[in-house]
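Each chain, letter by letter, is given below.
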Amino acid sequence: MKVVITGGPNCGKTSLINALSGKGYQVVPEAAELAIWEMQSKGIWNPANKACLQDLQQKILDKQIELEAKIDNRRLPIFLDRSGGIEQVAYCGLYGLKVPDGIDTYMSSRQFSSVYLLERVPKWSANGIRYENEQTAKAVHEALAMAYEQHGYKTIHVPLFSEKGSVREAIDARVEFILNDLFNGGHRNAAALAEATA
């Protein structure tokens, strides 16, 4: 059972993934952040350069495949901080980039049990990796939701739980929301469910 945690920049994916990891669940970190960090360390990261963003897309897919190769399929569920394929198609469409080589093969070999779309945090913050501004981040968020739906997934909206007393409590409420949904039926993609029960 592979579960995607998604949403545009600044919606709390990493905090949620870390919380799930802290509970002992197997997680796959975001390939895009790792690819950007590697490019930064080599001094070749320039988000203002379209050719650089194009190169990034191939590096993201290669990194995603590398990360997923380390998954222990005996430990389920597996939570992915975003996924390759569908999300890259959305990004490439938004930024006018070509999809990376091998993306069709990647996409045809992956099915996800559930896709959780996190509500965006209203106050924008930079983290040294994000290259979008708030307006672009909102467009990315909407493009991701649309892309999953176009590929047959019903995204499950995860509230911000901003009424909670602290950030920690809000994160815990998100974790509880996802786990309750997941282990009490969830809203699974029909193809993934059929594959899992075949």
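Criteria and thresholds
Residues numbered from 1 in each chain as written. Predicted model: local features only at pLDDT ≥ 70, side-chain atom pairs only at ≥ 80, totals over all residues. Heavy atoms only, no water. Helix = DSSP H or I, 4+ residues; strand = E, 2+ residues; numbered from the N terminus. Polar contact = N/O pair within 3.5 Å; in protein donor to acceptor, adjacent residues only side chain to side chain. Contact = heavy atoms within 4.5 Å. Expected span 1.5 Å × (residues − 1). Buried < 20%, exposed > 50% of the residue type's maximum accessible area, 1.4 Å probe, protein only. Arc of directions from axis to C-beta. Phe/Tyr/Trp six-rings, centres within 6.5 Å; stacked < 30°, edge-to-face > 60°.

Peer 1: Before we go on, may I ask you to explain the side chain of R110 in this structure?
Peer 2: On the secondary structure map, R110 appears in the loop between α5 (103-108) and β4 (114-118). A distance of 2.7 Å separates a polar atom in the side chain of R110 from a polar atom in the side chain of S109. Each residue touching R110, except ones within four places of it in the same chain, is listed here: E68 and Y153.

Peer 1: Honestly, helix α6 (residues 134-150) in this entry has me stumped. Any pointers?
Peer 2: Helical geometry: 3.6 residues make up each α-helical turn, so side chains three or four residues apart lie on a common side. For α6, spanning 17 residues, the distance from its first C-alpha to its last is 24 Å, which sits close to the expected 24 Å at 1.5 Å a residue. Here α6 has its buried residues at A137, V140, H141, L144, A145, A147 and Y148. Buried residues along α6 cover an arc of 165° about the axis, so they all sit on one side. Those residues of α6 that are exposed and angled more than 90 degrees off the buried face are Q135 and Q150. In this structure, the buried side of α6 is in contact with β1 (2-6), α4 (86-95), β4 and β5 (155-158). G152 lies just past α6 and shows a positive phi near 90°.

Peer 1: It is not clear to me how helix α3 (residues 50-68) should be interpreted in this structure. Could you clarify?
Peer 2: Over its 19 residues, α3 runs 27 Å from end to end, which matches the ideal 27 Å to within 8%, given 1.5 Å per residue. Among the residues of α3, those classed as buried are C52, L53, L56, Q57, I60, L61, K63, Q64, L67 and E68. For α3, the secondary structure elements touched by its buried residues are β1, β2 (26-28), α2 (31-41), β3 (78-81), α4 and α5. Its side-chain oxygen 2.8 Å from the backbone nitrogen of A51, N49 forms the N-cap of α3.

Peer 1: Just checking my understanding: could you explain the packing of aromatic side chains for this structure?
Peer 2: The geometry of an aromatic ring pair is captured by two quantities: the separation of the ring centres and the angle between the planes. Tallied over the entire structure, the rule returns 5 aromatic pairs. Arranged with centres 5.6 Å apart and planes meeting at 85°, the rings of Y25 and F79 form a pair that is edge-to-face. Remark: F79 occurs in strand β3 and Y25 occurs in the loop between α1 (13-22) and β2; sequence separation between them is 54 residues. Ring geometry for F112 and Y153: centres 6.0 Å apart, planes at 45°, overall tilted. Of this pair, F112 sits in the loop between α5 and β4 while Y153 is found in the loop between α6 and β5, placing the two residues 41 residues apart along the sequence. You'll find F112 and Y153 in the same group, each marked buried.

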